[in-house]
Amino acid sequence: MKNPLRSEAEAFQFLLGAAVYFGLIAIAGVINPWAGLVVFIVLSATVLWWWLRARRLEPPRQETPTRRGDPDERRILVIANETVGGEALRERIEEHSRGHRTSLLVVTPALNSPVRTFTSDVDKAREEAQQRLDASLARLREDGINASGEVGDGDPLQAMEDALRTFGADEIIISTHPEGRSNWLERGVVTGAKERFAVPITHVVVDLEAEREEVP
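Anyway, here's the lowdown on the structure attached to this text. As the structure is a prediction and not an experimental result, all values here were calculated from the model.

Assigned secondary structure in the chain consists of 9 helices and 5 strands. Its helices and strands in sequence order give the chain the pattern α-α-β-α-β-α-α-β-α-β-α-α-β-α, from N to C terminus. Every one of the 216 residues in the chain was classed for burial, and the buried ones make up 35%. Contacts in the chain between residues far apart in sequence, at least 24 positions, make up 76% of those at least 6 positions apart. Carbon and sulfur atoms form 57% of the exposed surface of the chain, whose accessible area is close to 13500 Å².

With 20 residues, helix α5 (residues 123-142) ought to run about 28 Å at 1.5 Å a step, and its terminal C-alpha atoms sit 29 Å apart, in line with that. Residues of α5 that are buried in the fold lie against α3 (87-97), β2 (101-109) and β3 (147-152). Following α5 by one or two positions, Gly144 adopts a phi angle in the positive range, close to 85°.

What follows is about the environment of Ile27. Relative to the elements of secondary structure, Ile27 occurs in helix α1 (residues 8-31). By relative accessible area, which is 53% here, Ile27 ends up exposed. Along the sequence, Ile27 and Val39 sit 12 residues apart, while their C-alpha atoms lie 9.7 Å from each other.

Here we come to the packing of helix α6 (residues 156-166) against helix α8 (residues 189-196). The packing of two helices is summarised by the inter-axis angle and the distance between the axes. It is at 10 Å that the axes of α6 and α8 come closest, and there the two elements cross at 35°. The handedness of the crossing between α6 and α8 is right-handed. Contact with α6, carried on its side by Pro156, Leu157, Gln158, Met160 and Glu161, involves Val189, Gly192, Ala193 and Arg196 of α8 and no other residues of that element. For the contact of α6 with α8, the residue count by class is 5 nonpolar, 2 polar and 2 charged.

Time to look at the nonpolar core. Ranked by internal contacts, the top residues of the largest apolar core, which has 21 residues, are Val78, Leu89, Ile93, Leu104, Val106, Leu140 and Ile173. For this core, the secondary structure elements donating two or more residues are β1 (73-79), α3, β2, α5 and β3. Element by element, the count of residues in this core is highest for α5, at 5 residues. Counting residues in hydrophobic clusters, the runner-up holds 20 residues, among them Leu157, Met160, Ala169 and Val199.

Rules behind the numbers
- Within any chain, residue numbers begin from 1 and follow the written order of that chain's sequence.
- Reporting in this predicted model follows two pLDDT cut-offs: at least 70 for local features of residues, and 80 or more for side-chain atom pairs to be given and counted; totals over whole chains, interfaces and linings ignore these cut-offs and use all residues.
- Working from all heavy atoms in the structure, the side-chain values ignore hydrogens and water.
- Comment: elements are numbered from the N terminus, with helices defined as DSSP H or I runs of at least four residues and strands as E runs of at least two.
- Each residue is placed in one exposure class: buried if its accessible area under a 1.4 Å probe, protein chains only, is under 20% of its type's maximum, exposed if it is over 50%, and partly exposed if it falls in between.
- Any pair of residues with heavy atoms lying within 4.5 Å of one another is described as a contacting pair.
- Exposure was quantified through the Shrake-Rupley algorithm and a 1.4 Å probe, taking into account, for residues, occlusion by the shown protein chains and nothing else.
- An expected span of 1.5 Å times one less than the residue number is assigned to each helix.
- The axes used here are C-alpha line fits, helices contributing only the stretch in contact, and every angle between their N-to-C directions lies in the interval 0 to 180 degrees.
- What makes a crossing left-handed is the near helix being turned counterclockwise from the far one by less than a right angle; a clockwise turn instead makes it right-handed.
- Put simply, Ala, Val, Leu, Ile, Met, Phe, Trp, Tyr, Cys and Pro go in the nonpolar bin, Asp, Glu, Lys and Arg in the charged bin, and everything else, Gly too, in the polar bin.
- Think of a nonpolar core as a cluster: buried Ala, Val, Leu, Ile, Met, Phe, Trp, Tyr and Cys residues, connected wherever their side-chain atoms sit within 4.5 Å.

Okay, structure coming up:
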């Protein structure tokens, strides 16, 4: 689950603001119930206005992952879900790995419906993601690529952030379906990743339907 508070300082500010917010409402409510309602409406409107204004004005903050691994090792983070086994993605991985000692981490977000996520019913989504991931890792290892993998958060951007925190990466490869069939592109995942992470990002389009048609 995505945590909107990125530091202890932000968490402290949030708790302090919440305490002041509820404290003022409680004090006004003790004095007069109608005064409490008015204070609640005014404060809520002020907080909403401030939040919307901050979202419009605050520039995206790029995060630089901590470098991990040996100095001469290229570390590549791959984010893919249904396209994780696509030929176009494997070719791009091989291209970026060629001539380097490469450590590759493939993360498959456990995509789920909003209802199942809300009810914490994520087992099926994680199981299906793990099956696709296992098949892809086996193929990459057959091609001689040192690859490991994990099932990540259902939010692709959060999955990237989590992986960068533990794996670090010199670059990120994001694999999606073609435009018009990609939920990630509609949600702006690629654009969001480029705004958020200060590492080179490559977008690979995998057309699984076309690849199936090419198989004899």
